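# Breakdown of the fold
Below are the chains, spelled out letter by letter.
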Amino acid sequence: MSSSKVSTHIAFLLLSLFFYSKTDSQILLSGTVYDSSKLYAVTGVMVKSTGGAVTFTDSLGSYRLKVSATDSISFTYMNKPTMKFPVRSIINY
């Protein structure tokens, strides 16, 4: 895959939709990762928290991850990680 295509795939990670619900001191964070066209869900994207929780997007591009409010999350696709997103700053769309 060309480097421009990889860069395009990294861009989609920033378009992921975030949803969360608070239970005790943990937050269930969930969303869907789309490609840069915002039309196609991407499978196999690693979603990782700074607290150590890790999951991967399923065949529909969806993920669910238990995190704490002090964690940050990042997405990795084809060994290319995104910046870290602080959980406390994620807005429930």
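For the structure, see preceding data.
Read on for a plain summary of the structure. (Residues numbered from 1 in each chain as written. Predicted model: local features only at pLDDT ≥ 70, side-chain atom pairs only at ≥ 80, totals over all residues. Heavy atoms only, no water.)

Among the nonpolar cores identified, the biggest contains 15 residues, and L29, V33, V45, Y63, V67, I73 and F75 are the most heavily contacted of them. For this core, the secondary-structure elements that each account for two or more residues are β2 (26-32), β5 (62-68) and β6 (72-77). (Core = buried A, V, L, I, M, F, W, Y, C linked by side-chain atoms within 4.5 Å. Buried < 20%, exposed > 50% of the residue type's maximum accessible area, 1.4 Å probe, protein only. Helix = DSSP H or I, 4+ residues; strand = E, 2+ residues; numbered from the N terminus.)

Bringing the packing of aromatic side chains into the picture now. This model, assessed by the stated rule, comprises two aromatic pairs. With centroids separated by 5.8 Å and ring planes inclined at 75 degrees, the aromatic side chains of Y63 and F75 adopt a geometry described as edge-to-face. Note that Y63 is positioned in strand β5 and F75 in strand β6, a separation of twelve residues in sequence. Relative accessible area serves as the criterion here: at 3%, Y63 is assigned to the buried category. Assessed through its relative accessible area of 0%, F75 is described here as buried. Between F75 and F85, the aromatic rings sit 6.2 Å apart at their centres with planes inclined by 65 degrees, giving edge-to-face as the arrangement. One end of the pair, F75, is in strand β6; the other, F85, is in strand β8 (residues 85-86), with ten residues separating them in the sequence. Put simply, the rings of Y63, F75 and F85 touch in pairs and so form one group of aromatic residues. (Phe/Tyr/Trp six-rings, centres within 6.5 Å; stacked < 30°, edge-to-face > 60°.)

Here T55 lies in strand β4 (residues 54-56). Here the alpha-carbon distance between T55 and G44, two residues eleven residues apart in the chain, equals 9.2 Å. Once residues lying within four places of it in the same chain are set aside, the contact partners of T55 are V45, M46, V47, Y63, R64 and L65. (Contact = heavy atoms within 4.5 Å.)

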